[in-house]
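Summary of structural features
Read off the chains here:
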Amino acid sequence: MSQHRHPGASGHTGAVPALPDLPEATVARLPEYLRALHNLAETGHDTVSSEALATAAGVNSAKLRKDLSHLGSYGTRGVGYDVALLIDQIEYVLGLTQRRAVALVGVGNLGHALAGYAGFVSRGFRIAALFDADESRVGEEINGLVVRHIDDLATIAAQEAIAIGVIATPAPAAQSVADRLVAVGVTSILNFAPCVLSVPDGVDVRKVDLAIELQILSFHEHRKASLTGIPASGPAAGLTALPGGLAATGTQEAVGS
Ligand SMILES: NC(=O)c1ccc[n+]([C@@H]2O[C@H](COP(=O)([O-])OP(=O)(O)OC[C@H]3O[C@@H](n4cnc5c(N)ncnc54)[C@H](O)[C@@H]3O)[C@@H](O)[C@H]2O)c1
(Lines give C-alpha, C1' and ligand atoms only; values in the text may rest on other atoms or scores of the structure.)
Protein backbone atom coordinates (compact mmCIF):
# COMPACT_ATOMS: atom_id res chain seq x y z
CA MET A 1 0.00 0.00 0.00
CA SER A 2 1.50 3.29 -0.97
CA GLN A 3 -1.15 5.78 0.09
CA HIS A 4 -0.67 7.08 3.62
CA ARG A 5 -3.09 9.15 5.62
CA HIS A 6 -1.37 12.40 6.54
CA PRO A 7 -0.83 12.92 10.27
CA GLY A 8 -2.85 16.12 10.15
CA ALA A 9 -5.66 14.80 7.97
CA SER A 10 -9.22 14.19 9.03
CA GLY A 11 -9.57 16.25 12.13
CA HIS A 12 -6.10 15.77 13.63
CA THR A 13 -4.86 18.99 15.10
CA GLY A 14 -1.47 20.25 16.26
CA ALA A 15 1.63 21.65 14.59
CA VAL A 16 1.71 21.48 10.82
CA PRO A 17 4.44 19.07 9.66
CA ALA A 18 6.66 20.25 6.79
CA LEU A 19 4.75 20.11 3.51
CA PRO A 20 6.30 19.06 0.21
CA ASP A 21 7.30 22.04 -1.97
CA LEU A 22 5.08 21.27 -4.96
CA PRO A 23 5.43 22.69 -8.47
CA GLU A 24 2.90 25.50 -8.97
CA ALA A 25 1.29 23.63 -11.89
CA THR A 26 0.73 20.62 -9.64
CA VAL A 27 -0.86 22.82 -6.98
CA ALA A 28 -3.15 24.27 -9.66
CA ARG A 29 -4.28 20.76 -10.69
CA LEU A 30 -4.90 19.39 -7.17
CA PRO A 31 -8.26 21.19 -6.82
CA GLU A 32 -9.34 19.59 -10.12
CA TYR A 33 -8.46 16.13 -8.78
CA LEU A 34 -10.27 16.94 -5.56
CA ARG A 35 -13.44 18.00 -7.37
CA ALA A 36 -13.36 14.82 -9.46
CA LEU A 37 -12.71 12.68 -6.37
CA HIS A 38 -15.64 14.21 -4.49
CA ASN A 39 -17.89 13.46 -7.47
CA LEU A 40 -16.61 9.86 -7.49
CA ALA A 41 -17.17 9.50 -3.74
CA GLU A 42 -20.70 10.89 -4.06
CA THR A 43 -21.48 8.37 -6.78
CA GLY A 44 -20.35 5.44 -4.61
CA HIS A 45 -16.83 4.82 -5.89
CA ASP A 46 -14.30 3.56 -3.33
CA THR A 47 -11.35 3.27 -5.69
CA VAL A 48 -10.42 4.85 -9.00
CA SER A 49 -7.78 4.09 -11.61
CA SER A 50 -5.35 6.82 -12.59
CA GLU A 51 -6.83 6.79 -16.11
CA ALA A 52 -10.40 7.26 -14.88
CA LEU A 53 -9.39 9.98 -12.45
CA ALA A 54 -7.33 11.73 -15.12
CA THR A 55 -10.31 11.69 -17.51
CA ALA A 56 -12.64 13.01 -14.80
CA ALA A 57 -10.18 15.80 -14.01
CA GLY A 58 -9.41 16.59 -17.65
CA VAL A 59 -5.64 15.92 -17.55
CA ASN A 60 -3.46 13.15 -18.93
CA SER A 61 -2.85 10.18 -16.68
CA ALA A 62 0.97 10.36 -16.72
CA LYS A 63 0.77 13.94 -15.44
CA LEU A 64 -1.73 12.88 -12.79
CA ARG A 65 0.48 10.02 -11.56
CA LYS A 66 3.46 12.38 -11.39
CA ASP A 67 1.42 15.01 -9.50
CA LEU A 68 0.15 12.46 -6.98
CA SER A 69 3.60 10.95 -6.53
CA HIS A 70 4.65 14.33 -5.09
CA LEU A 71 2.14 13.60 -2.33
CA GLY A 72 3.60 10.14 -1.78
CA SER A 73 0.52 8.62 -3.37
CA TYR A 74 1.14 5.92 -5.95
CA GLY A 75 -2.11 3.92 -5.78
CA THR A 76 -2.17 0.14 -5.80
CA ARG A 77 -1.46 -1.86 -8.94
CA GLY A 78 -4.67 -3.33 -10.32
CA VAL A 79 -6.83 -1.42 -7.83
CA GLY A 80 -5.98 2.24 -8.30
CA TYR A 81 -6.31 4.97 -5.71
CA ASP A 82 -8.40 4.76 -2.57
CA VAL A 83 -10.83 7.66 -3.19
CA ALA A 84 -11.44 8.65 0.46
CA LEU A 85 -7.76 8.47 1.31
CA LEU A 86 -6.74 10.55 -1.69
CA ILE A 87 -9.38 13.17 -0.78
CA ASP A 88 -7.84 13.31 2.71
CA GLN A 89 -4.33 13.66 1.33
CA ILE A 90 -5.16 16.40 -1.16
CA GLU A 91 -7.30 18.33 1.34
CA TYR A 92 -4.47 18.11 3.82
CA VAL A 93 -1.86 19.41 1.37
CA LEU A 94 -4.19 22.22 0.23
CA GLY A 95 -4.79 23.20 3.84
CA LEU A 96 -8.50 22.47 3.56
CA THR A 97 -8.79 20.46 6.76
CA GLN A 98 -9.71 23.73 8.42
CA ARG A 99 -12.44 25.96 7.00
CA ARG A 100 -10.78 29.28 6.15
CA ALA A 101 -12.61 32.53 6.74
CA VAL A 102 -12.93 34.81 3.74
CA ALA A 103 -13.70 38.53 3.68
CA LEU A 104 -15.29 39.91 0.53
CA VAL A 105 -14.70 43.59 -0.19
CA GLY A 106 -16.95 45.31 -2.72
CA VAL A 107 -20.53 44.08 -2.71
CA GLY A 108 -21.73 45.33 -6.08
CA ASN A 109 -22.84 43.16 -9.02
CA LEU A 110 -19.99 40.68 -8.78
CA GLY A 111 -19.76 40.82 -5.00
CA HIS A 112 -23.46 39.93 -4.68
CA ALA A 113 -22.98 36.90 -6.92
CA LEU A 114 -19.92 35.76 -4.97
CA ALA A 115 -21.56 36.35 -1.60
CA GLY A 116 -24.54 34.28 -2.68
CA TYR A 117 -22.51 31.38 -4.08
CA ALA A 118 -23.11 28.28 -2.00
CA GLY A 119 -20.20 26.38 -3.56
CA PHE A 120 -17.51 27.97 -1.37
CA VAL A 121 -18.65 26.15 1.76
CA SER A 122 -18.50 22.72 0.14
CA ARG A 123 -14.98 23.54 -1.08
CA GLY A 124 -13.67 24.47 2.36
CA PHE A 125 -14.29 28.20 2.64
CA ARG A 126 -16.60 30.30 4.74
CA ILE A 127 -17.49 33.82 3.67
CA ALA A 128 -17.27 35.38 7.09
CA ALA A 129 -17.63 39.08 6.32
CA LEU A 130 -18.80 41.44 3.59
CA PHE A 131 -17.52 45.01 3.26
CA ASP A 132 -18.34 48.00 1.12
CA ALA A 133 -17.53 51.71 1.18
CA ASP A 134 -20.97 52.77 -0.02
CA GLU A 135 -23.17 53.68 2.95
CA SER A 136 -26.26 52.70 0.98
CA ARG A 137 -25.00 49.12 0.79
CA VAL A 138 -23.91 48.90 4.42
CA GLY A 139 -26.51 47.04 6.49
CA GLU A 140 -27.83 44.99 3.56
CA GLU A 141 -28.14 41.30 4.38
CA ILE A 142 -26.94 38.70 1.89
CA ASN A 143 -27.06 34.99 2.72
CA GLY A 144 -27.36 35.75 6.42
CA LEU A 145 -24.39 38.16 6.46
CA VAL A 146 -24.74 41.90 6.98
CA VAL A 147 -22.60 44.16 4.78
CA ARG A 148 -20.24 46.15 6.99
CA HIS A 149 -18.44 49.40 6.27
CA ILE A 150 -14.85 48.92 5.11
CA ASP A 151 -13.78 51.07 8.07
CA ASP A 152 -14.80 48.14 10.32
CA LEU A 153 -12.32 45.84 8.57
CA ALA A 154 -9.74 45.72 11.38
CA THR A 155 -12.26 44.85 14.07
CA ILE A 156 -14.09 42.19 12.08
CA ALA A 157 -10.91 40.68 10.63
CA ALA A 158 -9.66 40.05 14.15
CA GLN A 159 -13.03 38.71 15.37
CA GLU A 160 -13.49 36.36 12.44
CA ALA A 161 -9.82 35.38 11.98
CA ILE A 162 -9.99 36.36 8.32
CA ALA A 163 -7.44 34.37 6.32
CA ILE A 164 -8.26 35.39 2.75
CA GLY A 165 -9.48 38.66 1.26
CA VAL A 166 -11.47 38.80 -1.96
CA ILE A 167 -11.45 42.12 -3.81
CA ALA A 168 -14.47 42.88 -5.99
CA THR A 169 -14.22 46.67 -6.10
CA PRO A 170 -13.59 48.79 -9.20
CA ALA A 171 -9.92 48.79 -10.22
CA PRO A 172 -9.09 52.30 -8.93
CA ALA A 173 -10.05 51.24 -5.37
CA ALA A 174 -8.37 47.82 -5.44
CA GLN A 175 -4.86 48.83 -4.37
CA SER A 176 -6.07 50.76 -1.33
CA VAL A 177 -8.33 47.83 -0.38
CA ALA A 178 -5.36 45.45 -0.74
CA ASP A 179 -3.27 47.75 1.47
CA ARG A 180 -6.01 47.73 4.11
CA LEU A 181 -6.30 43.94 3.98
CA VAL A 182 -2.54 43.56 4.36
CA ALA A 183 -2.52 46.08 7.23
CA VAL A 184 -4.95 43.90 9.20
CA GLY A 185 -2.83 40.80 8.65
CA VAL A 186 -4.42 39.18 5.60
CA THR A 187 -1.71 37.38 3.61
CA SER A 188 -3.78 35.85 0.80
CA ILE A 189 -5.80 37.92 -1.67
CA LEU A 190 -8.02 36.93 -4.56
CA ASN A 191 -8.33 39.93 -6.86
CA PHE A 192 -11.19 40.24 -9.33
CA ALA A 193 -10.41 43.86 -10.22
CA PRO A 194 -8.62 44.25 -13.55
CA CYS A 195 -5.36 45.67 -12.21
CA VAL A 196 -2.03 44.57 -10.83
CA LEU A 197 -1.68 44.84 -7.07
CA SER A 198 1.52 45.65 -5.30
CA VAL A 199 1.90 43.76 -2.02
CA PRO A 200 4.75 43.05 0.38
CA ASP A 201 6.73 39.80 0.35
CA GLY A 202 4.84 37.02 2.03
CA VAL A 203 1.46 38.11 0.66
CA ASP A 204 0.04 35.90 -2.09
CA VAL A 205 -2.22 37.40 -4.73
CA ARG A 206 -4.23 35.42 -7.28
CA LYS A 207 -6.03 37.25 -10.03
CA VAL A 208 -9.22 36.18 -11.75
CA ASP A 209 -10.08 37.92 -14.99
CA LEU A 210 -12.72 36.41 -17.24
CA ALA A 211 -12.01 39.03 -19.91
CA ILE A 212 -8.43 37.71 -20.18
CA GLU A 213 -9.77 34.17 -20.61
CA LEU A 214 -12.05 35.43 -23.39
CA GLN A 215 -9.15 37.26 -25.03
CA ILE A 216 -7.12 34.03 -25.01
CA LEU A 217 -10.05 32.19 -26.60
CA SER A 218 -10.31 35.02 -29.11
CA PHE A 219 -6.66 34.48 -30.04
CA HIS A 220 -7.35 30.78 -30.67
CA GLU A 221 -10.44 31.62 -32.75
CA HIS A 222 -8.38 34.11 -34.73
CA ARG A 223 -5.56 31.63 -35.24
CA LYS A 224 -7.92 28.80 -36.29
CA ALA A 225 -9.46 31.15 -38.85
CA SER A 226 -5.99 32.09 -40.13
CA LEU A 227 -5.07 28.41 -40.55
CA THR A 228 -8.26 27.30 -42.26
CA GLY A 229 -8.64 30.35 -44.42
CA ILE A 230 -12.25 30.71 -43.27
CA PRO A 231 -12.70 34.35 -42.39
CA ALA A 232 -13.55 35.08 -38.78
CA SER A 233 -17.01 36.52 -38.29
CA GLY A 234 -17.71 39.97 -36.93
CA PRO A 235 -16.95 43.55 -37.88
CA ALA A 236 -13.15 43.04 -37.87
CA ALA A 237 -13.33 40.00 -40.16
CA GLY A 238 -11.88 41.91 -43.08
CA LEU A 239 -8.91 43.22 -41.08
CA THR A 240 -5.71 41.94 -42.66
CA ALA A 241 -3.16 44.51 -41.59
CA LEU A 242 -1.62 43.86 -38.20
CA PRO A 243 -0.27 46.60 -35.96
CA GLY A 244 3.46 47.18 -36.37
CA GLY A 245 3.41 46.76 -40.12
CA LEU A 246 2.78 42.98 -40.04
CA ALA A 247 0.44 41.76 -42.72
CA ALA A 248 -1.76 38.71 -42.67
CA THR A 249 -4.01 37.27 -45.33
CA GLY A 250 -6.85 34.85 -44.77
CA THR A 251 -4.55 31.89 -45.35
CA GLN A 252 -1.25 33.04 -43.94
CA GLU A 253 0.00 33.07 -40.41
CA ALA A 254 1.29 36.38 -39.14
CA VAL A 255 5.07 36.37 -39.12
CA GLY A 256 7.25 38.34 -36.80
CA SER A 257 9.96 40.47 -38.35
N1 LIG B 1 -12.55 39.00 -12.80
C2 LIG B 1 -13.60 38.99 -13.56
O3 LIG B 1 -13.77 38.13 -14.38
C4 LIG B 1 -14.60 40.07 -13.39
C5 LIG B 1 -15.90 39.96 -13.84
C6 LIG B 1 -16.77 41.01 -13.58
C7 LIG B 1 -16.31 42.14 -12.92
N8 LIG B 1 -15.01 42.21 -12.53
C9 LIG B 1 -14.46 43.34 -11.79
O10 LIG B 1 -14.98 43.25 -10.48
C11 LIG B 1 -15.08 44.54 -9.93
C12 LIG B 1 -16.50 44.76 -9.46
O13 LIG B 1 -17.37 44.77 -10.57
P14 LIG B 1 -18.92 45.07 -10.33
O15 LIG B 1 -19.59 44.98 -11.62
O16 LIG B 1 -19.40 44.24 -9.19
O17 LIG B 1 -18.85 46.62 -9.85
P18 LIG B 1 -19.90 47.40 -8.97
O19 LIG B 1 -19.64 48.84 -9.24
O20 LIG B 1 -21.26 46.85 -9.15
O21 LIG B 1 -19.45 47.06 -7.46
C22 LIG B 1 -18.27 47.54 -6.88
C23 LIG B 1 -18.52 47.72 -5.39
O24 LIG B 1 -17.28 48.09 -4.78
C25 LIG B 1 -17.58 49.08 -3.79
N26 LIG B 1 -16.38 49.84 -3.49
C27 LIG B 1 -15.79 50.81 -4.22
N28 LIG B 1 -14.69 51.28 -3.59
C29 LIG B 1 -14.58 50.57 -2.43
C30 LIG B 1 -13.66 50.58 -1.36
N31 LIG B 1 -12.61 51.42 -1.34
N32 LIG B 1 -13.86 49.73 -0.35
C33 LIG B 1 -14.92 48.89 -0.34
N34 LIG B 1 -15.85 48.84 -1.32
C35 LIG B 1 -15.66 49.66 -2.36
C36 LIG B 1 -18.68 49.90 -4.43
O37 LIG B 1 -19.41 50.66 -3.47
C38 LIG B 1 -19.53 48.83 -5.08
O39 LIG B 1 -20.53 48.34 -4.21
C40 LIG B 1 -14.64 45.50 -11.02
O41 LIG B 1 -13.28 45.80 -10.83
C42 LIG B 1 -14.84 44.72 -12.29
O43 LIG B 1 -13.98 45.15 -13.33
C44 LIG B 1 -14.17 41.20 -12.75
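What counts as what
Residues numbered from 1 in each chain as written. Predicted model: local features only at pLDDT ≥ 70, side-chain atom pairs only at ≥ 80, totals over all residues. Core = buried A, V, L, I, M, F, W, Y, C linked by C-beta atoms within 7 Å. Buried ≥ 20, exposed ≤ 12 C-beta atoms within 10 Å, placed from the backbone. Helix = DSSP H or I, 4+ residues; strand = E, 2+ residues; numbered from the N terminus. Near = placed C-beta within 6 Å. UniProt positions renumbered as here; feature names shortened; annotations may be inferred. Contact = placed C-beta atoms within 7 Å.

Thoughts on the nonpolar core
- One finds Ala-103, Leu-104, Val-105, Phe-131, Val-166 and Ile-167 to be the most contacted residues of the largest nonpolar core, which totals 28 residues.
- When residues of this core are traced back to their parent elements, those giving at least two are strand S3 (100–105), strand S4 (125–132), helix H7 (153–160), strand S7 (162–167) and helix H8 (171–183).
- Counting 21 residues, the second largest nonpolar core, distinct from the first, contains Ala-54, Ala-57, Leu-64 and Leu-86.

Regarding the site of the ligand
- Taken together, 26 residues lie around the ligand, and Gly-106, Gly-108, Leu-110, Ala-173 and Leu-210 are the ones closest in.
- At the level of elements, helix H5 (109–115), S4 and H8 are the ones that each hand at least two residues to the shell around the ligand.
- Here the element with the most residues in the shell around the ligand is H8; it accounts for 4 residues.

A look at the UniProt feature "DNA-binding region" (unreviewed entry) in the protein chain
- The UniProt record marks residues 32–71 with the feature "DNA-binding region" (unreviewed entry), using the residue numbering of this structure.
- As annotated, residues 32–71 comprises 70% helix and 5% strand, and the C-alpha atoms at either end are separated by 15 Å.

Some points on the UniProt feature "binding site: NAD(+)" (unreviewed entry) in the protein chain
- The UniProt record annotates "binding site: NAD(+)" (unreviewed entry) at Gly-106, Val-107, Gly-108, Asn-109, Leu-110 and Gly-111.
- Mapping Gly-106 onto the fold places it in the loop between S3 and H5.
- Classification of Gly-106 as buried rests on a count of 26 C-beta atoms within 10 Å.
- In contact with Gly-106, other than residues within four places in its own chain, are Gly-111, Asp-132, Ile-167, Ala-168 and Thr-169.
- Summarising the element assignment, Val-107 is placed in the loop between S3 and H5.
- For Val-107, a count of 24 C-beta atoms within 10 Å puts it in the buried group.
- Ignoring any residue separated from it by four or fewer positions in sequence, one finds Val-107 in contact with His-112, Ala-115, Leu-130, Asp-132, Arg-137, Ile-142 and Val-147.

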